[in-house]
Amino acid sequence: MKKILLAAVTLAGTLIAQAQIADVGVPQPLLKGVESDMYNPVLSADGSKLLFSDIDYSNLRVYDFNDNVTEKVPARGYSIYAHFAKGKVAVNTGGGVRTDGSKLIITDRNGVEKSFTPVECTAGYCWASLSPDGKKVVFLAAGKGLVVTDLNGNILAQPGNYESPAWFGNDHLLVQHATDDGHQLRSSQILLINLDGSAVQPLTKPESMTMTPTGSAEAGKVVFSTIDGRLYQQTVKLK
């Protein structure tokens with residue numbers, strides 16, 4: 001079954017867009033034949049470096065687009081929180097925002113933590129991150145969908161039931177839209193959406209089994225992984 005599923009992975013083009021938010025290119029493979037087990041990509045703000053790891057967040061590596069060099073990142077244990085901070089790799093929660101069950105915890109510039117519960121959700125929150133300008137937060141409330149708030153926990157938008165949200169500039173999100181049968185994925189694609197979900201542009205096809213997007217609007221670049229551990233990059237320039 002797995003071989004049949006992997007055989008369905010295609011990246012030959014993009015779907016007809018529901019909304020033309022951006023001009024997009026054809027996805028191109030990254031590090032093909034050089035690296036394997038490439039998951040959980042995270043781009044630096046300027047798009048010059050890329051973090052990725054094995055599927056369980058171990059074996060953290062960083063790829064430099066300018067030098068075309070990949071190096072291992074020394075890190076203890078798993079690196080689920082790996083990100084770039086001021087251009088350098090950090091592996092702590094950091095970033096000014098995190099979740100704890102059904103609580104959104106935001107740390108202000110003075111280091112003071114504030115806790116909010118914008119949406120009632122017994123199953124908890126995950127995937128919280130700050131917008132590039134540090135003024136908005138996006139997270140997933142399990143069973144409720146994505147939620148965008150300000151730094152005081154006030155809801156600004158609820159764009160829909162998507163996964164793995166990643167900021168693309170301050171007014172757009174990259175998301176994973178997947179379907180499953182309760183046990184395994186049936187389809188998974190990458191979408192570009194605006195914050196209220198009223199404009200949606202597919203970047204990959206549902207059968208591509210693409211997931212966990214990351215992007216840099218500054219560089220006009222999006223990177224995502226596939227179910228079989230490959231990385232692809234795609235030019236995406238907002239209109």
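Calculation rules
Residues numbered from 1 in each chain as written. Predicted model: local features only at pLDDT ≥ 70, side-chain atom pairs only at ≥ 80, totals over all residues. Heavy atoms only, no water. Helix = DSSP H or I, 4+ residues; strand = E, 2+ residues; numbered from the N terminus. Buried < 20%, exposed > 50% of the residue type's maximum accessible area, 1.4 Å probe, protein only. Contact = heavy atoms within 4.5 Å. Areas by Shrake-Rupley, 256 points an atom, 1.4 Å probe, with all protein chains shown as cover. Pairing = 2+ DSSP bridges. Axes fitted to C-alpha atoms, helices over the stretch in contact; angles between N-to-C directions. Core = buried A, V, L, I, M, F, W, Y, C linked by side-chain atoms within 4.5 Å. Salt bridge = Lys/Arg side-chain N within 4 Å of Asp/Glu carboxyl O.

A tally of helices and strands in the protein chain yields one helix and 22 strands. Split into buried and exposed, the 239 residues of the protein chain put 48% on the buried side. For the protein chain, long-range pairs separated by at least 24 residues make up 43% of all intrachain contacts whose partners lie at least 6 apart in sequence. Summing over all exposed atoms, the protein chain offers an accessible surface of approximately 12,400 Å²; the carbon and sulfur share of this is 49%.

Before going further, it helps to spend a moment on the sheet that holds strand β9 (residues 97-99). The three strands lie next to each other as β9-β10-β11, forming an open sheet whose pairing is antiparallel. If you trace the sheet from one side to the other, it starts and ends with β9 and β11 (113-116), each paired once. Neighbour to neighbour, the strand axes of the sheet diverge by 25° on average, direction disregarded. Direction of pairing for β9 relative to strand β10 (residues 104-107): antiparallel, over a ladder of three bridges. Residue pairing for β10: V97 is matched across the bridge by I106.

What follows covers the sheet that holds strand β14 (residues 145-149). Taking strand neighbours across the sheet as the criterion, the four strands line up as β12-β13-β14-β15 in an open arrangement whose pairing is antiparallel. Sheet topology places β12 (125-130) and β15 (155-160) at the edges, where each strand pairs with a single neighbour. Pairwise comparison of adjacent strand axes, ignoring direction, gives a mean angle of 20° for this sheet. Note that β12 and strand β13 (residues 137-141) share four bridges and pair antiparallel. What sits directly across from C126, in β13, is L140.

So, on to the nonpolar core. The biggest cluster of nonpolar side chains holds 14 residues, and the ones touching the most others in it are F168, L174, L192, L203, V222 and V236. Among the elements of the structure, β18 (185-194), β21 (221-226) and β22 (231-238) are those that each provide at least two residues to this core. Core analysis: the next-biggest nonpolar cluster, separate from the first, contains 13 residues, L146, V175, L191 and I193 among them.

What the rule picks out here adds up to six salt bridges. Here D23 makes a salt bridge to K239, at a shortest N to O gap of 3.8 Å. Here D23, found in strand β1 (residues 22-24), pairs with K239, found in the segment after β22; they are 216 residues apart in sequence, far enough to count as distant. D23 gets classed as partly exposed once you look at its relative accessible area, which sits at 47%. Classification of K239 by relative accessible area gives exposed; the value is 63%.

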